[in-house]
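Here is how the chains run, residue by residue.
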Amino acid sequence: MFPAGRSMRGLLIWSVLLGAVLGKEDFVGHQVLRISAADEAQVQKVKELEDLEHLQLDFWRGPGQPGSPIDVRVPFPSIQAVKAFLEAHGLGYTIMIEDVQSLLDEEQEQMFAFQARSRSTDTFNYATYHTLEEIYGFMDLLVAEHPQLVSKLQIGNTYEGRPIYVLKFSTGGNNRPAIWIDTGIHSREWVTQASGVWFAKKITQDYGQDLTLTAILDSMDIFLEIVTNPDGFAFTHSKNRMWRKTRSLTPGSSCVGVDPNRNWDAGFGMPGASSNPCTDTYRGKFANSEVEVKSIVDFVKSHGNIKAFVSIHSYSQLLLYPYGYKAEPAPNRDELDQLAKSAVTALASLYGTKFKYGSIIKTIYQASGSTIDWTYSQGIKYSFTFELRDTGRYGFLLPASQIVPTAQETWLALRTIMEYTLNHPY
Amino acid sequence: MWGRKGMNEHCDLLFQEHFFPQKSQNCCPGFRLGSFKKCLFSFFFFFLIAVNEWISFAPCGCSNPRASCRGRTTQPEEVGSMPGTELLNSKPRIVNPKKECQVDLVFTTDRYNPEEGEERLGKCSARVFFRNQKPRPAINVTCTRLIEKNKRQQEDYLLYKHMKQLKTPLDVVSIPDSHGHIDPSLRPIWDLAFLGGSYVMWEKTTQFLHYYMAQLSSVNQWKTNDDAIDFDYTVLLHEFSTQEIIPCRIHLVWYPGKPLKVKYHCQELQTPEASGTEEGSAVAPTELNNF
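- Going by an unreviewed UniProt entry, chain B carries the name Retinoic acid receptor responder 1 and comes from Felis catus.

- In the nomenclature of an unreviewed UniProt entry, chain A is known as Carboxypeptidase A1 of Felis catus.
- According to the UniProt record, the Subcellular location (unreviewed entry) comment for chain A is "Secreted".
- Under Catalytic activity (unreviewed entry), UniProt gives the following word-for-word description of chain A: "Release of a C-terminal amino acid, but little or no action with -Asp, -Glu, -Arg, -Lys or -Pro."

Some details on the overall build of chain A
Phase 1: When its secondary structure is counted, chain A shows 13 helices and twelve strands.
Phase 2: Computed over the C-alpha atoms, the radius of gyration of chain A is 29 Å, more than 25% above the 22 Å expected from 2.2 N^0.38 for a compact globule of 426 residues.
Phase 3: Oriented by its inertia axes, the alpha-carbon framework of chain A measures out at about 95 × 55 × 40 Å.
Phase 4: For chain A, long-range pairs separated by at least 24 residues make up 73% of all intrachain contacts whose partners lie at least 6 apart in sequence.
Phase 5: A total accessible area of about 17300 Å² is found for chain A, and carbon and sulfur atoms account for 52% of it.
Phase 6: One finds the centroid of the 39 positive side-chain charges in chain A at a distance of 8 Å from the centroid of its 46 negative side-chain charges.

Considerations on the side chain of Glu-290 of chain A
Residue and element names in this part refer to chain A.
Phase 1: Mapping Glu-290 onto the fold places it in the loop between α8 (230–238) and α9 (291–303).
Phase 2: Of the side chains with opposite charge, Lys-245 comes closest to the buried, unpaired Glu-290, at an N-O distance of 9.1 Å.
Phase 3: Side-chain polar atoms of Glu-290 contact the side chain of Ser-248, separated by 2.7 Å.
Phase 4: In this structure Glu-290 touches Thr-246, Ser-248, Val-258 and Asn-263, once residues within four positions along its chain are discounted.

Details of the nonpolar core
Phase 1: Membership of the largest hydrophobic core comes to 147 residues, with the highest contact counts inside it found for Phe-169 and Phe-386 of chain A together with Phe-231 of chain B.
Phase 2: In terms of residues, this core owes the most to one element, helix α4 (residues 187–204) of chain B, which gives ten residues.
Phase 3: Beyond its immediate chain neighbours, meaning those up to four positions away, Phe-231 of chain B contacts Ile-189, Leu-192, Ala-193, Val-219, Gln-221, Trp-222, Ile-250, His-251 and Leu-252 of chain B.
Phase 4: With 17 residues, the next largest nonpolar core counts Val-43, Phe-59, Ile-70 and Phe-85 of chain A among its residues.

Digging into the state of the cysteines
Residues and elements named next belong to chain B.
Phase 1: Within this structure, the stated rule accounts for three disulfides over all chains.
Phase 2: Disulfide pairing places Cys-124 opposite Cys-143 at an S-S distance of 2.1 Å. Taking the sign of the S-S torsion, 105° for the link of Cys-124 and Cys-143, the bridge is right-handed. Taken together, the positions of Cys-124 in strand β3 (residues 123–131) and Cys-143 in strand β4 (residues 138–144) put the pair 19 residues apart, joining distant regions of the chain.

Re the confidence of the model for chain B
Residue and element names in this part refer to chain B.
Phase 1: Looking at chain B as a whole, the pLDDT averages 65, with 55% of positions reaching at least 70.
Phase 2: For the stretch residues 1–61, pLDDT sits under 50, and the model shows 206 contacts to residues farther than four places along the chain or on other chains.
Phase 3: In the predicted structure, residues 63–86 sits below a pLDDT of 50 and forms 71 contacts with residues beyond four places in sequence or in another chain.
Phase 4: Scored as a complex, the prediction yields pTM 0.72 and ipTM 0.70.

Focus on the UniProt feature "active site" (unreviewed entry) in chain A
All names here are of chain A.
Phase 1: As annotated in UniProt, the feature "active site" (unreviewed entry) corresponds to Glu-387 in the numbering used here.
Phase 2: Of note, Glu-387 is situated in strand β12 (residues 382–388).
Phase 3: In this structure, Glu-387 is in contact with His-313, Ser-314, Tyr-315, Ser-316, Gln-317, Leu-318, Leu-320 and Phe-355, ignoring residues within four places of it in sequence.

Structural notes on the sheet that holds strand β5 (residues 211–224) of chain B
Residue and element names in this part refer to chain B.
Phase 1: With respect to topology, four strands assemble into an open sheet ordered β5-β6-β7-β8, the strand pairing being antiparallel. Edge positions in the sheet fall to β5 and β8 (261–266), since each has one partner strand and no second. Direction aside, neighbouring strands of the sheet carry axes that sit 20° apart on average.
Phase 2: Note: strand β6 (residues 229–239) against strand β7 (residues 245–254), ten bridges, orientation antiparallel. Each bridged residue has a counterpart across the sheet, and for Leu-236 the counterpart in β7 is Pro-247.
Phase 3: In this fold helix α3 (residues 149–164) packs onto β5, β6 and β7, with an angle of close to 105° to the strand it touches most, β7.
Phase 4: Sitting on the sheet, α4 touches β5, β6, β7 and β8, and the angle it makes with β5 is about 125°.

Brief notes about the pairing of β4 of chain B
Residues and elements named next belong to chain B.
Phase 1: Relative to β4, β3 runs antiparallel, the two sharing seven bridges. Residue pairing across strands places Val-128 opposite Ile-139, the latter belonging to β4.
Phase 2: Count of turn residues in the β3/β4 antiparallel hairpin: six residues, of which Asn-132 carries a positive phi of about 50°.

What to know about the packing of aromatic side chains
Phase 1: Inspection of every chain in the model, using the stated rule, returns 29 aromatic pairs over all chains.
Phase 2: Aromatic pair Tyr-365 of chain A and Phe-240 of chain B: ring centres 6.0 Å apart, planes at 50°, arrangement tilted. Linking Tyr-365 of chain A in the loop between α11 (360–363) and α12 (371–377) with Phe-240 of chain B in the loop between β6 and β7, this pair reaches from one chain into another. Taken as a pair, Tyr-365 of chain A and Phe-240 of chain B share a single burial class, namely buried.
Phase 3: Between Tyr-160 of chain B and Trp-254 of chain B the ring centres are 6.1 Å apart and the planes differ by 75°, which places this aromatic pair in the edge-to-face class. You can see Tyr-160 of chain B sitting in helix α3 and its partner Trp-254 of chain B sitting in strand β7, a full 94 residues away along the chain.
Phase 4: For Tyr-160 of chain B, a relative accessible area of 3% corresponds to the buried category.
Phase 5: An aromatic cluster of at least three residues, connected via ring pairs, comprises Tyr-315, Tyr-365 and Phe-396 of chain A together with Tyr-212 and Phe-240 of chain B.
Phase 6: For Arg-247 of chain A, the ring lying beneath its charged end belongs to Phe-235 of chain A, and the centroid distance is 3.5 Å.
Phase 7: For the cation-ring pair, Arg-247 of chain A lies above Trp-243 of chain A, with the distance from its terminal atom to the ring centre recorded as 4.5 Å.

Rules of the game
Residues numbered from 1 in each chain as written. Chains lettered and ligands numbered in written order. Predicted model: local features only at pLDDT ≥ 70, side-chain atom pairs only at ≥ 80, totals over all residues. Heavy atoms only, no water. UniProt positions renumbered as here; feature names shortened; annotations may be inferred. Helix = DSSP H or I, 4+ residues; strand = E, 2+ residues; numbered from the N terminus. Rg over C-alpha atoms; globule rule 2.2 N^0.38 Å. Contact = heavy atoms within 4.5 Å. Areas by Shrake-Rupley, 256 points an atom, 1.4 Å probe, with all protein chains shown as cover. Lys, Arg positive; Asp, Glu negative; His and termini not counted. Charge placed at Lys NZ, Arg CZ, Asp CG, Glu CD. Buried < 20%, exposed > 50% of the residue type's maximum accessible area, 1.4 Å probe, protein only. Salt bridge = Lys/Arg side-chain N within 4 Å of Asp/Glu carboxyl O. Polar contact = N/O pair within 3.5 Å; in protein donor to acceptor, adjacent residues only side chain to side chain. Core = buried A, V, L, I, M, F, W, Y, C linked by side-chain atoms within 4.5 Å. Disulfide = S-S within 2.5 Å. pLDDT = per-residue confidence, 0-100. Pairing = 2+ DSSP bridges. Axes fitted to C-alpha atoms, helices over the stretch in contact; angles between N-to-C directions. Phe/Tyr/Trp six-rings, centres within 6.5 Å; stacked < 30°, edge-to-face > 60°. Lys NZ or Arg CZ within 6 Å of the ring centre and 35° of its normal.

Okay, here's the thing in structure tokens:
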């Protein structure tokens, strides 16, 4: 039950809000009543009410002609008395606003939310963790600021219906050889999505400034999927900070989610993943059962020209290459090992952060159905997985103050891999 | 990793006095000491981190018999940015393949909350023995150059006093919060929780399972009386090979100089068909002085 003029109400709300802000008044429990005075006598009665100063009534629309609605804000202590009065004198009324304070709170939130939303990627705060909405907003800002370099592709929708976006950095050409980077496939690994945001900005800053990156983008494209598991990410904000998997429902189980890094078609079903839907390494009922995974699979296959694939996780400080599902060394294992060594050396050059490197199975544990085992099987020779900071002190809860240093050092490793890929076409 | 500044590094004299050549039947030789158990316990945790690091990064031999031992992983090297540990050398040795696993370690230690630019202090050597993939590895450790006893006791007592001043009931949500932040005033709570957590982690560690403490997720009760701090809380442990997050309810009682008491119950993983809450195994309360 609101007044016909929405702007009128808006103005009233604003003035109350201003009053609240300036006078620091509290409107908890206050109600706004709309009184209908049928005739002059009734209008008079309402005027009597107006005169009772101790009630502290605030008339938004004062008594006037009979039939004209009378709107009044009634402070909580006066509500009973006012209603009793109105009823005793046969004055009809409706409750327009049940609780003024909650309405104010809502409006304030929206107001501040609007203010908090960055106007440009230069004012965006890279040293803090963001929500899904903020990251998606950032992407749009970046594209708007660099339309010649950056575009946003939607490669699918999540289980819960959220769009899945990939940023494409390209200086032209047609289906150029490309590099793929993804972050946030495991939703609780927050430093990765945060680093992805930083990488996106970095690319736009360095093109035309940094010789290496410029050379790379002059011949190749970069695809960057910042939030690879949007449902999981939203869940880490709303309900469970430690959520890892997707949010798909498994028929026959009350447990939710599949480990997207066990759902790829490489060694699927072999040791190194769980068949129990309640575990954090549940592989899913079949390979690519997760739309978040299938979307990337479809993209990679239809693109057909991806030359390096990097999937980013945290934590442990590792740089890994295939295989995870079997102990047999990858055919170009020596090359991968050398490249990994160069990459971690570059990484360490900035802050001294030490990374170990090696194949997945030798360096951490056997893992089947993992991302880079599949991409490698598709012929993407330079397939790597990172595990970023730290080594367990904070783990997934890496302090926000470490986001930018982590992103900066990781970027040096990525640059090394990208440059190598550029110089070793195949 | 030792626990808060006073609790750390109590153990050099103790170990030298009480460890060698004392042998014992139970799996943890030397840990039948009276009032110094709390330090052993924090020491263990620290040590456990060193062991964890080794196991994560050098799976040859004990936890991954199929893989060959890579030269790199047995060379002296520093372990990441993990404070308090510098793994100088590690030599895995399979005693009986898949049944027992013995790891020799050499490492350095420093304070749990080191000051800027502070030098690394203690030097330790240890032997960790896993039997038949069971948890609670037996540990034999010697350290030198740790902080001297009087100073340690002093620091312990300061910590105790500091914690007594915290207002009760504690208005505490998760530590660290989602953004990895720990309010400086809440730091001691985290440290004490970590101490209890380190004991639980040691009890659960096997050659295949190793843990980190991910978060102090709730404080159920915090009482201080003249004798002790009584702390009932829940932590989330992160087990690395399964990637599971395991909530553990811990009840800890501490007073400097007195035996530390720890009871805990960790939540069991849900079976595939399970729907409701789970009853855990590992329910039996354990006290440090029952070693």
